[in-house]
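Next come the chains, spelled out residue by residue.
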Amino acid sequence: QVQLVESGGGLVQAGGSLRLSCAASGRTFSSYAMGWFRQAPGKEREFVAATSWSGGSTYNADSVKGRFTISRDYAKNTVYLQMSVLKPGDTALYYCAAGMTGWRTSTNADEYEHWGQGTQVTVSS
């Protein structure tokens, strides 16, 4: 079992940066691929970024490529989402998720078994 707790959200002006953190409990963190998803009001949840269990493979959604970077720290059992050049369209509730997808960086939310409670990111224009 893995429990996930996100932090780092907040209010930022367009063009600014934030770093989201997701702390995982449990001894099996290194076995899970990790992903970030987001959901804006009135919209469906969408994939943002993912990293494989080894950290050797990452994948970003086209909408955030070149602006967001996912990484993980095994010593701290934490996965990060570094966000830069933020836009009002990035405003959403951001969730981290853990899934047994192995080496794959899945964009499919159904493949992630464990989810955090979310952290709000609001980008003002």
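Notes on the structure in this doc start here. All values derive from a computational prediction rather than experimental measurement.

**Comments concerning the overall build of the protein**
(1) Moving on: A tally of helices and strands in the protein yields 0 helices and 11 strands.
(2) Moving on: Along its sequence from the N terminus, the protein presents helices and strands in the succession β-β-β-β-β-β-β-β-β-β-β.
(3) Moving on: Computed over the C-alpha atoms, the radius of gyration of the protein is 13 Å, within 12% of the 14 Å expected from 2.2 N^0.38 for a compact globule of 125 residues.
(4) Moving on: Principal-axis analysis of the C-alpha atoms places the extent of the protein at approximately 40 × 25 × 25 Å.
(5) Moving on: Burial statistics for the protein: of 125 residues in total, 46% are counted as buried.
(6) Moving on: For the protein, restricting intrachain contacts to residue pairs at least 6 apart in sequence, the fraction spanning at least 24 positions comes to 59%.
(7) Moving on: In the protein, 11 positive and 9 negative side-chain charges are present, and the distance between their average locations comes to 6 Å.

**Quick look at the pairing of strand β5 (residues 46-51)**
(1) Moving on: Within β5, 5 of the 6 residues are buried, leaving the element largely enclosed by the surrounding structure.
(2) Moving on: Sheet analysis places strand β4 (residues 33-39) next to β5, joined by 5 bridges and oriented antiparallel. Bridging across to β5, Trp36 finds its partner in Ala49.
(3) Moving on: Linking β4 to β5, which pair antiparallel, is a turn of 6 residues; within it Gly42 sits at a positive phi near 80°.
(4) Moving on: Taken together, the 3 bridges between β5 and strand β6 (residues 58-60) define a ladder with antiparallel strand orientation. Bridging from a neighbouring strand, Thr51 pairs with Thr58 of β6.

The rules behind these values
Residues numbered from 1 in each chain as written. Predicted model: local features only at pLDDT ≥ 70, side-chain atom pairs only at ≥ 80, totals over all residues. Heavy atoms only, no water. Helix = DSSP H or I, 4+ residues; strand = E, 2+ residues; numbered from the N terminus. Rg over C-alpha atoms; globule rule 2.2 N^0.38 Å. Buried < 20%, exposed > 50% of the residue type's maximum accessible area, 1.4 Å probe, protein only. Contact = heavy atoms within 4.5 Å. Lys, Arg positive; Asp, Glu negative; His and termini not counted. Charge placed at Lys NZ, Arg CZ, Asp CG, Glu CD. Pairing = 2+ DSSP bridges.

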